[in-house]
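Here is how the chains run, residue by residue.
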Amino acid sequence: MSDKAILEFQGKKYEFPVIKGTENEFAIDIKTLRGVANLITIDPGFKNTGSCESAITFLDGEKGILRYRGFTIEALAEKADFLEVAYLLIFGELPNEEKLLQFHNDIRAESHVDEEMKKILDGFPKSAHPMGVLSSLTSALIAFNPTTVDVSSEKDMYHAIVRLLAKFPVLVAWALRKKKGLPLDYGDDSVGYVENFHQMMFKRPGQEYKKNKVVIDALDQLLILHADHEQNCSTSTVRIVGSSHAGLFASISAGISALWGPLHGGANQAVLEMLEAIEKDGGDTKKYMAKAKDKNDPFRLMGFGHRVYKNFDPRAKIIKKAADEVLADLGINDPILAIAKGLEKEALEDDYFVKRKLYPNVDFYSGIIYRALDIPTEMFTVMFALGRLPGWIAQWREMRLNGEPIGRPRQVYIGKTKRPFVALDKR
Ligand code: SDX
């Protein structure tokens with residue numbers, strides 16, 4: 001029996017098909033609603049509204065499940081590397097050795113960034129936030145890669161995708177090196193994707209780069225954990241910008257701006273700033289818990305709560321464990337970690353948080369590891385963007401290959417009704 005939903009309005013009944021996903025999720029297909037019933041729906045924040053059918057990532061917020069193309073985040077974080085996961089998200093299957101090598105070599109072939117781009121970077125003050133720099137430089141890349149704009153064939157999309165995966169880490173590294181007054185240089189294309197990125201970030205002029213496997217493995221795992229998360233704010237931004245057939249680079253540039261917000265990816269920076277403020281306050285977590293619960297105080301417990309997860313964010317569990325391991329391996333005793341754990345414990349026992357099902361999310365512990373890896377706080381959200389890049393690309397590609405229409409929501413007008421013009425001298 002095909003499922004259907006019936007809507008009754010002003011004495012008339014309307015039937016709509018109900019679609020069922022592979023994980024038994026149901027959705028009312030209201031494509032014909034305005035045509036048959038002259039009705040639209042309203043759903044601020046799209047809390048109950050699906051924007052698309054997607055085969056990329058599955059979340060179950062109640063059970064704390066996250067899977068990329070059917071593989072659990074736990075298995076991928078433990079057994080895969082970031083480039084494999086990028087391939088999986090974008091093309092739908094884990095690559096064999098030959099395909100992964102070809103993918104990596106195609107990326108290596110595009111890993112130079114036009115020297116003229118350095119002049120654009122020079123135009124920014126050192127105080128510029130790296131997320132603004134990155135969004136601008138990603139958009140500026142279009143001028144130097146014009147063939148990546150109007151792409152509709154899979155072949156042209158692949159060309160644009162490998163170019164962006166190759167150049168994006170360079171821009172991230174240059175944004176950091178500019179802040180530190182270091183030469184804008186490259187790493188070593190012969191090593192792994194994440195190791196090359198780490199080298200670009202931290203290689204000091206005139207010094208040999210020494211690989212620390214613990215650091216590279218931790219970074220690789222963090223990037224995997226951030227790689228995709230179905231229709232979150234920044235991914236929805238990438239999809240809707242891409243739906244106008246703006247190119248991949250322009251769509252990703254918009255996604256970076258959306259991710260910047262402290263309610264979204266910017267939370268990882270806000271968490272560290274909050275934990276440092278609590279440390280400065282002598283570790284007074286109770287004061288911050290009270291602020292978070294005070295409706296008159298705009299302060300929120302950063303790194304807590306989630307639109308979908310009403311249970312533990314599975315990524316937060318993995319990152320919390322990794323934080324203990326990485327800091328121990330690096331011999332770092334960071335008091336901020338103890339404050340974070342204390343705050344988590346208090347919140348999980350507090351009725352306000354329990355009632356609202358507010359648990360630590362991906363951003364709560366990630367900054368503690370980034371800090372241990374010598375990544376400056378202002379670069380935390382940039383690291384989130386680097387991790388999320390393959391997910392954004394996969395979602396943009398799926399939207400374009402599915403031939404989805406331009407995103408253009410309706411509205412309910414609540415302004416002034418028709419009225420006569422009033423001449424200036426009569427106002
Ligand atoms: C990410 O969507 C994704 O998948 C995002 C992401 C991804 O991978 O792409 O997972 C990454 O963005 C993680 C979230 C990072 N943001 C933060 O940590 C910022 C702090 N958290 C929140 O601001 C909030 O929890 C959101 C934005 C994450 C979710 O907000 P919702 O779903 O719109 O829920 P809401 O704001 O309506 O909150 C429901 C209630 C409210 O209280 P009441 O009005 O019911 O009394 O919970 C309260 C909120 O005030 N609340 C919080 C809180 N989060 C929600 N109160 C204090 N501290 C918080 N952190």
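For the structure, see preceding data.
The structure presented is a predicted model; accordingly, all values stated were derived computationally and were not measured.

The rules behind these values
Residues numbered from 1 in each chain as written. Predicted model: local features only at pLDDT ≥ 70, side-chain atom pairs only at ≥ 80, totals over all residues. Heavy atoms only, no water. Helix = DSSP H or I, 4+ residues; strand = E, 2+ residues; numbered from the N terminus. Rg over C-alpha atoms; globule rule 2.2 N^0.38 Å. Buried < 20%, exposed > 50% of the residue type's maximum accessible area, 1.4 Å probe, protein only. Areas by Shrake-Rupley, 256 points an atom, 1.4 Å probe, with all protein chains shown as cover. Lys, Arg positive; Asp, Glu negative; His and termini not counted. Charge placed at Lys NZ, Arg CZ, Asp CG, Glu CD. Pairing = 2+ DSSP bridges. Axes fitted to C-alpha atoms, helices over the stretch in contact; angles between N-to-C directions. Near = heavy atom within 4 Å. Polar contact = N/O pair within 3.5 Å; in protein donor to acceptor, adjacent residues only side chain to side chain. Nonpolar A, V, L, I, M, F, W, Y, C, P; charged D, E, K, R; others polar. Phe/Tyr/Trp six-rings, centres within 6.5 Å; stacked < 30°, edge-to-face > 60°. Patch = residues over 30% accessible without salt bridge, like charges linked within 9 Å, V, L, I, M, F, W, Y side chains within 5 Å. Salt bridge = Lys/Arg side-chain N within 4 Å of Asp/Glu carboxyl O. Left-handed = near helix turned anticlockwise from the far one by under 90°. Contact = heavy atoms within 4.5 Å.

1. What to know about the overall build of the protein
The helix and strand tally for the protein stands at 18 helices and 6 strands. At 23 Å, the protein has a C-alpha radius of gyration in line with the 22 Å of a compact globule built from 427 residues. Counting only C-alpha atoms and orienting by the principal axes, one finds that the protein spans roughly 80 × 70 × 55 Å. When the 427 residues of the protein are sorted by exposure, 48% land in the buried category. For the protein, the accessible surface area stands at approximately 21,800 Å², while carbon and sulfur atoms represent 53% of it. If the 58 positive side-chain charges of the protein are averaged to one point and the 58 negative ones to another, these points end up 7 Å apart.

2. What about the sheet that holds strand 4 (residues 57-60)?
Read from one edge to the other, the open sheet built from 3 strands follows the order 4-5-6, with strand pairing classed as antiparallel. Two strands close off the open sheet at either side, each with one partner strand: strand 4 and strand 6 (71-72). Relative to strand 6, strand 5 (residues 65-68) runs antiparallel, the two sharing 2 bridges. Bridge pairing in strand 6 places Arg 67 opposite Thr 72.

3. Thoughts on the sheet that holds strand 3 (residues 26-28)
The sheet built from 3 strands is open, its strands ordered 1-2-3 with antiparallel pairing. The sheet terminates laterally at strand 1 (4-9) and strand 3, the two strands that pair on one side only. With direction set aside, neighbouring strand axes in the sheet form an average angle of 30°. Sheet topology places strand 1 next to strand 2 (residues 12-20); 6 bridges connect them, and they run antiparallel. Note that in strand 2 the partner of Ala 5 across the bridge is Phe 16.

4. Looking at the site of the ligand
The ligand sits among 25 residues. The nearest are His 229, Arg 300, His 306, Arg 315 and Arg 388. One of the backbone N or O atoms of Leu 301 is found 2.9 Å from a nitrogen atom in the ligand. A distance of 2.7 Å is found between an oxygen atom of the ligand and a side-chain nitrogen or oxygen belonging to Arg 388. Protein burial of the ligand: of its 1,100 Å² of free accessible surface, 80% is covered by the chains. Residue composition of the shell around the ligand, by class: 10 nonpolar, 7 polar and 8 charged.

5. A closer look at the packing of aromatic side chains
This structure, assessed with the given rule, holds 14 aromatic pairs. A centroid spacing of 4.9 Å and a plane angle of 55° characterise the contact between Tyr 87 and Phe 91, whose relative ring orientation is tilted. Of this pair, Tyr 87 and Phe 91 both sit in helix 3 (residues 82-91), separated by 4 residues, roughly a single helical turn. The exposure class assigned to Phe 91 is partly exposed, which follows from its relative accessible area of 25%.

6. Some details on a nonpolar patch on the surface
Together, Ile 40, Ile 42, Val 412 and Ile 414 make up an exposed nonpolar region whose accessible area comes to about 410 Å². Mapped onto the elements of the fold, Ile 414 is located in the segment after helix 18 (380-401).

7. Quick look at unusual backbone geometry
For Arg 69, which is not a glycine, the phi torsion comes out positive at approximately 50°. Mapped onto the fold, Arg 69 is located in the loop between strand 5 and strand 6. On the basis of relative accessible area, Arg 69 is assigned to the partly exposed category, the value being 22%. Of note in the backbone geometry, Glu 230 takes a positive phi value of approximately 45° without being a glycine. As for its placement among the helices and strands, Glu 230 is situated in the loop between helix 9 (213-225) and helix 10 (233-242).

8. Some remarks on the pairing of strand 2
Here is the key point about a regular strand: its side chains alternate between the two faces of the sheet. Two successive antiparallel strands, strand 1 and strand 2, enclose a turn made up of 2 residues, where Gln 10 displays a positive phi of approximately 50°. Taken together, the 3 bridges between strand 2 and strand 3 define a ladder with antiparallel strand orientation. Bridge pairing in strand 3 places Ile 19 opposite Ala 27. Here strand 2 hands over to strand 3 after 5 residues, with Asn 24 in that stretch at a positive phi of 60°.

9. Here we look at the packing of helix 10 against helix 18
With their axes 9 Å apart at the nearest point, helix 10 and helix 18 run at an angle of 40° to one another. Here helix 10 and helix 18 pass one another in a crossing that is right-handed. Two secondary-structure elements touch here, helix 10 through Ser 234, Thr 235, Val 238, Arg 239 and Gly 242 and helix 18 through Arg 388, Trp 392, Gln 395, Trp 396, Glu 398, Met 399 and Arg 400. Per-class residue counts for the contact of helix 10 with helix 18 are 4 nonpolar, 4 polar and 4 charged.

10. Some points on the environment of Ile 319
Secondary-structure assignment places Ile 319 in helix 14 (residues 314-329). On a C-alpha basis, the gap between Ile 319 and Gly 367 in space is 9.7 Å, while along the polypeptide they are 48 residues apart. Beyond its immediate sequence surroundings of up to four residues, Ile 319 is in contact with Leu 222, Leu 225, His 226, Val 362, Tyr 365, Ser 366 and Ile 369.

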